[in-house]
Amino acid sequence: AQSVTQLDSQVPVFEEAPVELRCNYSSSVSVYLFWYVQYPNQGLQLLLKYLSGSTLVKGINGFEAEFNKSQTSFHLRKPSVHISDTAEYFCAVSVDSWGKFQFGAGTQVVVTP
Amino acid sequence: DVKVTQSSRYLVKRTGEKVFLECVQDMDHENMFWYRQDPGLGLRLIYFSYDVKMKEKGDIPEGYSVSREKKERFSLILESASTNQTSMYLCASSLGQVRPYEQYFGPGTRLTVT
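Residues numbered from 1 in each chain as written. Chains lettered and ligands numbered in written order. Predicted model: local features only at pLDDT ≥ 70, side-chain atom pairs only at ≥ 80, totals over all residues. Heavy atoms only, no water.

(A) Examining the overall build of chain A more closely. Counting secondary structure elements, chain A contains 0 helices and 12 strands. Projecting the C-alpha coordinates of chain A onto the three principal axes gives extents of approximately 40 × 30 × 20 Å. The buried share among the 113 residues of chain A stands at 46%. A total accessible area of about 5,400 Å² is found for chain A, and carbon and sulfur atoms account for 51% of it. Within chain A, one finds 7 positive and 9 negative side-chain charges whose respective centroids are separated by 9 Å. (Helix = DSSP H or I, 4+ residues; strand = E, 2+ residues; numbered from the N terminus. Buried < 20%, exposed > 50% of the residue type's maximum accessible area, 1.4 Å probe, protein only. Areas by Shrake-Rupley, 256 points an atom, 1.4 Å probe, with all protein chains shown as cover. Lys, Arg positive; Asp, Glu negative; His and termini not counted. Charge placed at Lys NZ, Arg CZ, Asp CG, Glu CD.)

(B) Summary view of the sheet that holds strand S3 (residues 19-25) of chain B. Residues and elements named next belong to chain B. Overall, antiparallel pairing links the 4 strands, which are arranged S1-S3-S8-S7 in an open sheet. At either end of the open sheet lies a strand with only one pairing partner, and these are strand S1 (4-6) and strand S7 (64-70). For this sheet, the mean angle separating the axes of adjacent strands, direction not counted, is 20°. One ladder, built from 5 bridges, connects S7 with strand S8 (residues 73-78); its direction is antiparallel. Bridge pairing in S8 places Tyr 64 opposite Leu 78. (Pairing = 2+ DSSP bridges. Axes fitted to C-alpha atoms, helices over the stretch in contact; angles between N-to-C directions.)

(C) Geometry of the confidence of the model for chain A. Of all residues in chain A, 97% have pLDDT values of 70 or greater, and the mean over the chain is 91. Taking the mean pLDDT of every element in chain A, the minimum, 90, falls on strand S11 (residues 101-103) of chain A and the maximum, 98, on strand S3 (residues 19-21) of chain A. (pLDDT = per-residue confidence, 0-100.)

(D) Representation of the state of the cysteines in the model. Residues and elements named next belong to chain B. Considering all chains together, one arrives at 2 disulfides over all chains under this definition. With a sulfur-sulfur separation of 1.9 Å, Cys 23 is cross-linked through a disulfide to Cys 91. Because the torsion about its S-S bond is -75°, the bridge between Cys 23 and Cys 91 counts as left-handed. Taken as a pair, Cys 23 in strand S3 and Cys 91 in strand S9 (residues 87-94) lie far apart in primary sequence, 68 residues in all. Like Cys 23, the residue Cys 91 is buried in the burial classification. (Disulfide = S-S within 2.5 Å.)

(E) Geometry of unusual backbone geometry. Residue and element names in this part refer to chain A. Backbone geometry places Glu 16, a non-glycine residue, at a positive phi of 75°. Mapped onto the elements, Glu 16 comes out in the loop between strand S2 (10-14) and S3. Of note in the backbone geometry, Asn 41 takes a positive phi value of approximately 60° without being a glycine. Inspection of the secondary structure assignment puts Asn 41 in the loop between strand S5 (33-38) and strand S6 (44-50). Look at Asn 41 and you get exposed, because its relative accessible area is 53%.

(F) How the structure looks around the interface of chain B and chain A. With 24 residues of chain B in contact, the opposing surface of chain A contributes 24 residues. At the boundary of chain B with chain A, the tally comes to 1 salt bridge. Linking Glu102(B) and Lys49(A) is a salt bridge whose minimum nitrogen-to-oxygen distance equals 2.6 Å. The interface formed by chain B and chain A holds 4 residue pairs in polar contact (both at pLDDT 80 or more) in total. Those elements giving two or more residues to the side of chain B that touches chain A turn out to be strand S4 (31-38) and strand S5 (42-51) of chain B. Residue classes in the side of chain B that touches chain A are distributed as 13 nonpolar, 7 polar and 4 charged. (Contact = heavy atoms within 4.5 Å. Salt bridge = Lys/Arg side-chain N within 4 Å of Asp/Glu carboxyl O. Polar contact = N/O pair within 3.5 Å; in protein donor to acceptor, adjacent residues only side chain to side chain. Nonpolar A, V, L, I, M, F, W, Y, C, P; charged D, E, K, R; others polar.)

(G) Geometry of the pattern of salt bridges. Residues and elements named next belong to chain A. According to the stated counting rule, one finds 13 salt bridges over all chains in the structure shown. Glu 20 is paired through a salt bridge with Arg 77; the nearest N and O atoms lie 3.1 Å apart. Within this pair, whereas Glu 20 is found in strand S3, its partner Arg 77 is found in strand S9 (residues 73-78), the two being separated by 57 residues in sequence. Assessed through its relative accessible area of 36%, Glu 20 is described here as partly exposed. Taking relative accessible area as the criterion, Arg 77 reaches 25% and is therefore assigned partly exposed. Bridged by salt links that share partners, the residues Glu 20, Glu 66 and Arg 77 form one connected network.

Shown next, in the form of structure tokens:
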């Protein structure tokens with residue numbers, strides 16, 4: 001069974017600083033990986049996804065993630081954050097061909113001036 | 001744009017009440033999902049449906065049931081609400097086996113059971 005571990009529950013960061021959110025997964029089969037963002041009082045929005053091909057994936061709002069098969073990781077990065085990036089971020093892995101996901105516990109990013 | 005709507009943003013119910021949470025999507029998606037979201041636990045799948053009248057249990061189905069009579073609508077039912085079902089409930093949909101991997105989420109319903 002797949003599992004997803006987000007290593008940080010909360011990440012404080014100053015505006016215009018870089019941020020990295022860590023995600024590790026366990027799986028014995030090929031996986032598809034996702035990062036979602038949840039702004040306050042909203043549903044989840046897809047940031048980016050890895051299905052195949054290049055291991056560096058670019059998403060919306062300047063975010064990117066790198067799939068590392070040997071490390072079973074899919075870390076999310078942004079070189080310079082804005083106040084508006086304050087949100088909760090979820091890493092997810094697909095668990096079957098129907099599109100069911102296993103989600104991580106989430107990482108709360110708080111951007112301060 | 002895909003739109004997933006949920007019937008209520010906030011709901012307060014009493015212990016023992018039967019509660020219906022409704023979800024509607026407007027993009028003819030085959031798959032629909034119900035999750036609950038709790039701090040520190042992320043999203044956990046309650047039920048999902050891959051077609052009308054088809055349903056499968058997720059990771060935490062106890063105390064819940066679902067109904068999918070029409071393709072666009074997926075209802076979550078709490079037969080007898082309990083305080084430990086106080087949570088945020090999120091509905092999602094995806095296209096099916098053509099593009100099953102992109103789930104679109106509704107805004108969520110925050111349910112409080114007193």
